[in-house]
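# Architecture at a glance
What follows is each chain in one-letter form.
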Amino acid sequence: MSEVFEGYERQYCELSTNLSRKCNAAGSILDEDQKSKEISELQSGLDEADVLIRKMDLEARSLQPGVKAMLLAKLREYKSDLTKLKREVKKLASAKTSLTAHEELLESGLANAHMASADQRERLTMSTERLNQSSDIIKESRRAVFETEELGVSILQDLHQQRETLLNSHAKLHGVDDAIDKSKKVLTSMSRRMSKNKWILGSLIGALVLAIIFILYFKLSH
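- Within an unreviewed UniProt entry, the label attached to the chain reads Vesicle transport v-SNARE N-terminal domain-containing protein, and the organism entered is Tagetes erecta.
- If you open the UniProt record of the chain and go to Sequence similarities (unreviewed entry), you find "Belongs to the VTI1 family."
- Taken directly from UniProt, the Subcellular location (unreviewed entry) text for the chain runs: "Prevacuolar compartment membrane".

What follows is the structure in structure tokens.
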């Protein structure tokens with residue numbers, strides 16, 4: 001197994017365990033400021049976990065097919081666990097948001113009842129719009145980062161497939177070279193045998209001619 005993958009895996013497991021413990025503890029926190037801080041830390045931790053998952057995915061896809069299949073199966077389990085953890089954190093954040101919105105509504109109602117200031121309402125609206133715009137910008141930035149990482153994974157997969165194709169082509173060419181060498185050896189052997197057979201046939205013909213001459217001479221002399 002890749003040492004790089006194991007390093008990412010250790011970091012992810014430690015981070016996942018820590019996030020699970022924090023998530024369980026955050027549900028029992030009564031102080032709203034402290035709970036908000038914990039939820040913010042959990043969300044940052046989830047982002048970090050996402051980055052580690054993608055790094056493991058990139059590393060796994062660059063390995064040999066047998067090892068890659070095993071590591072990708074393990075990654076699916078990690079992704080499933082991380083998805084569950086995200087849902088838990090989202091529930092905490094939703095509960096906190098609902099409570100905060102209710103408190104802000106009560107405070108706004110009291111302020112309006114006491115001060116009845118249209119100017120303050122306008123400023124509150126502008127602040128809310130700015131916060132929404134900032135939130136949209138952050139979400140867009142995260143989406144761009146994730147899309148870039150996914151593009152990197154896709155490119156790495158293509159490069160790996162091209163590498164395997166080149167390796168297969170090299171192996172086939174090597175096989176063709178071996179076949180050509182074997183053919184050359186067979187042809188050389190056949191050529192040698194033909195030359196040898198020619199010599200033997202020539203010797204037999206020569207011996208036969210000599211025998212005929214000898215017989216003719218013997219008959220003519222007697």
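### Quick look at the overall build of the chain
- Along the backbone of the chain there are four helices and zero strands.
- Put simply, the chain runs from its N terminus to its C terminus through helices and strands in the order α-α-α-α.
- The buried share among the 222 residues of the chain stands at 18%.
- When contacts within the chain are restricted to residue pairs at least 6 apart in sequence, those whose partners lie at least 24 apart make up 75%.

### Description of the pattern of salt bridges
- Evaluated as defined, the whole model comprises six salt bridges.
- With a shortest N-O distance of 2.8 Å, D57 and R61 are connected by a salt bridge. Residue D57 and its partner R61 are located together in helix 2 (residues 32–61), separated by four residues, close to a single helical turn.
- Under the relative-accessibility criterion, R61 is labelled partly exposed at 22%.
- Several salt bridges share partner residues, and in doing so they unite D50, R54 and K86 into one network.

### Description of the layout of surface pockets
- Roughly 170 Å³ of volume is contained in the second largest pocket.
- At the level of secondary structure, the elements contributing two or more residues to the lining of the second largest pocket comprise helix 2, helix 3 (65–115) and helix 4 (118–221).
- Top contributing element to the lining of the second largest pocket by residue count: helix 2, with five residues.

### What to know about the packing of aromatic side chains
- In total, this model carries one aromatic pair according to the counting rule given.
- With a centroid separation of 5.1 Å and 45° between ring planes, the pair formed by Y12 and Y78 is classed as tilted. Within this pair, whereas Y12 is found in helix 1 (residues 3–26), its partner Y78 is found in helix 3, the two being separated by 66 residues in sequence.

### A closer look at helix 1
- Between the first and last C-alpha of helix 1 there are 34 Å, a value that for 24 residues agrees with the 34 Å anticipated at 1.5 Å per step.
- The complete set of buried residues in helix 1 reads F5, G7, E9, Y12, L15, S16, L19, C23 and A26.

### Focus on the nonpolar core
- Ranked by internal contacts, the top residues of the largest apolar core, which has 24 residues, are Y12, L42, I53, M56 and L75.
- Looking at this core element by element, the count peaks at nine residues for helix 3.
- Apart from residues no more than four positions distant in its own chain, I53 is found in contact with Y12, L75, Y78, K79 and L82.

Conventions used here
Note that residues are indexed from 1 along each chain, following the sequence as it is written. At least 70 in pLDDT is required for a residue's local features to be given in this predicted model, at least 80 for side-chain atom pairs to be given and counted, and no such filter applies to totals for whole chains, interfaces and linings, which use all residues. In computing side-chain values, all of the structure's heavy atoms are included and hydrogens and water are not. UniProt positions are given in the numbering used here, feature names are shortened, and annotations may be inferred rather than shown by experiment. Helix and strand labels come from DSSP, where a helix needs a run of H or I of at least four residues and a strand needs a run of E of at least two; each type is numbered from the N terminus. Each residue is placed in one exposure class: buried if its accessible area under a 1.4 Å probe, protein chains only, is under 20% of its type's maximum, exposed if it is over 50%, and partly exposed if it falls in between. For this analysis, residues touch if any pair of their heavy atoms sits within 4.5 Å. For this document, the term salt bridge refers to a Lys or Arg side-chain nitrogen within 4 Å of an Asp or Glu carboxyl oxygen. Definitions used for this entry: grid spacing 1 Å over protein atoms alone; cavity, a set of points where a 1.4 Å probe fits but cannot get out; pocket, an open set with protein on both sides within 12 Å along at least 5 of 7 lines; lining residue, one with an atom within 4 Å of a point. Grid points are joined across faces, edges and corners, and a volume is the space filled by probe spheres set on the points. Note on ring pairs: Phe, Tyr and Trp rings are taken, using the six-membered ring of Trp, and paired if centres are within 6.5 Å. Classes follow the plane angle, with under 30 degrees stacked, over 60 edge-to-face and the rest tilted. Helix span is expected to be 1.5 Å times the residue number reduced by one. Residue types Ala, Val, Leu, Ile, Met, Phe, Trp, Tyr and Cys, when buried and joined through side-chain atoms within 4.5 Å, form a set referred to as a nonpolar core.

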